[in-house]
Every structure is written in structure tokens, then in C-alpha cells.
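Commentary on secondary and tertiary structure
As a plain string of letters, each chain reads:
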Amino acid sequence: MASRGLMALLMAMIATPTLAEEVGRVGVDWTGNDIVIEALADPKVPGVTCHLSYFERSLIDRVSQGNWFEDPSNASIACRQTGPITLGDIDRGEDGEEMFREGRSLILKSLRVRRVYDAENNVLIYLAHARELVEGSAKMSISTVPLWEAAPAD
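Bear in mind the structure is a predicted one, so any value in this text is a computation, not a measurement.

Description of the overall build of the chain
Within the chain one finds two helices and eight strands. Order of helices (α) and strands (β) in the chain, N terminus to C terminus: α-β-β-β-α-β-β-β-β-β. Relative to its 154 residues, the chain shows a buried fraction of 38%. When the accessible surface of the chain is split by element, carbon and sulfur atoms take 58% of a total near 9,500 Å².

So this is what it looks like as C-alpha cells:
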């Protein structure tokens, strides 16, 4: 019984809450470094799509810098209403809930997107940030979606 609970916990830790779809890739220099743009549909709030951009290092950059397994923590996010919004069963606590996670190094760093509901202002807040095991990261980006005419959850 305990091993079954441990297995469920491990699966929850490695599961990605939502999948991102690459919609753009912009080359930024002659070494092959790119800025990747991904679309993330919020799985619990139909009608909201976030676009996340981040830097992806090339093989040449990895060799020249001597750091094979890690990409920078920098990311930017913009979220908009892309259809009728329906608030699903979202976490309404002040720390919200993670809706996306993607590894940015072999094991120590990941890029995260959290959704926070601001009930007083009727706004969804999306926060993109890096999570690093050792030092953390202060690099972040934020976007908001006003809920002027959101339909109530079923």
C-alpha cells in the first residue's frame, strides 16, 4: 500500500500539468541559439491561452561555454482570452496552482507557470518563473487576464 502511494507521488512530481505547442522559433545569432515561442492552453480555464518565450542554447554555445546541461532561466509570458472563458475547478488559494512545468537542465532547474486567481479584482494572474534546486531564481514574468464575462463553472 505504501509503495503504491509513493509511486503515485512520484508520477505526480514528474507529470506535466499541460502540454505546450511550439508556435515559433527565432534564430538570434550565428551559433544557432534560438528564442522558442510556445502556446499553452489553460486546461482548467477554457478560453485562455498563454504564450511563453524562452532562450534555447545551441550545441556550439554549449561547447564554447562548457555547460552542456542547462539553459538560462529567462522567460516571458503573455496570456489572453482566446474564446469564451469558463472558470473550471481551479485552486483559489493565494499561491494558486502550477499549470505548466518544463525542464531547463538535466535535473536541477525547471521553467514553471502558475495560475493565481485574484477574486477581489476578478482577474487570473499567470506567473512564469524558474525553479532552481540550489539558489532559486528571481527571474520572472507576469501576465493577467481580466474575467469581465466569465461563465461560472458547471
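Let's pick the thread back up.
Here we look at the nonpolar core
Membership of the largest hydrophobic core comes to 23 residues, with the highest contact counts inside it found for Val45, Leu52, Ile77, Val113, Leu124 and Tyr126. Of all the elements, strand β3 (residues 48–56) adds the most residues to this core, at four residues. Residues contacting Leu124, with those up to four places away along its chain left out, are Val45, Val48, Leu87, Ile90, Arg115, Val116, Tyr117, Ser143, Thr144, Val145 and Leu147.

Concerning the packing of aromatic side chains
In total, this model carries zero aromatic pairs according to the counting rule given. Across the ring face of Tyr117, the terminal group of Arg92 is positioned such that the distance to the ring centre comes to 4.9 Å.

Concerning the side chain of Arg112
Its location among the elements puts Arg112 in strand β6 (residues 109–118). For Arg112, a relative accessible area of 12% corresponds to the buried category. A distance of 2.7 Å separates a polar atom in the side chain of Arg112 from a polar atom in the side chain of Glu98. Residues contacting Arg112, with those up to four places away along its chain left out, are Glu98, Phe100, Arg101, Leu127, Ala128, His129 and Arg131.

Let's talk about unusual backbone geometry
Of note, the phi angle at Asn122 is positive, near 55°, even though the residue is not glycine. By secondary structure assignment, the location of Asn122 is in the loop between β6 and β7 (123–132).

Observations concerning a negative patch on the surface
On the surface, a cluster of negative charge is made up of Asp89, Asp91, Glu94 and Asp95. Tracing the chain through its elements places Asp89 in the loop between β4 (75–81) and β5 (97–103).

Some thoughts on the state of the cysteines
The full count for this structure, using the stated rule, is one disulfide. Bridging Cys50 to Cys79, the disulfide has an S-S length of 2.1 Å. Looking along the S-S bond of the Cys50-Cys79 disulfide, the torsion reads about 105°, which is the right-handed sense. One end of the pair, Cys50, is in strand β3; the other, Cys79, is in strand β4, and 29 residues separate them in sequence. Residue Cys50 shares its accessibility class with Cys79, and that shared class is buried.

The rules behind these values
- Residues numbered from 1 in each chain as written.
- Predicted model: local features only at pLDDT ≥ 70, side-chain atom pairs only at ≥ 80, totals over all residues.
- Heavy atoms only, no water.
- Helix = DSSP H or I, 4+ residues; strand = E, 2+ residues; numbered from the N terminus.
- Buried < 20%, exposed > 50% of the residue type's maximum accessible area, 1.4 Å probe, protein only.
- Areas by Shrake-Rupley, 256 points an atom, 1.4 Å probe, with all protein chains shown as cover.
- Core = buried A, V, L, I, M, F, W, Y, C linked by side-chain atoms within 4.5 Å.
- Contact = heavy atoms within 4.5 Å.
- Phe/Tyr/Trp six-rings, centres within 6.5 Å; stacked < 30°, edge-to-face > 60°.
- Lys NZ or Arg CZ within 6 Å of the ring centre and 35° of its normal.
- Polar contact = N/O pair within 3.5 Å; in protein donor to acceptor, adjacent residues only side chain to side chain.
- Patch = residues over 30% accessible without salt bridge, like charges linked within 9 Å, V, L, I, M, F, W, Y side chains within 5 Å.
- Salt bridge = Lys/Arg side-chain N within 4 Å of Asp/Glu carboxyl O.
- Lys, Arg positive; Asp, Glu negative; His and termini not counted.
- Charge placed at Lys NZ, Arg CZ, Asp CG, Glu CD.
- Disulfide = S-S within 2.5 Å.

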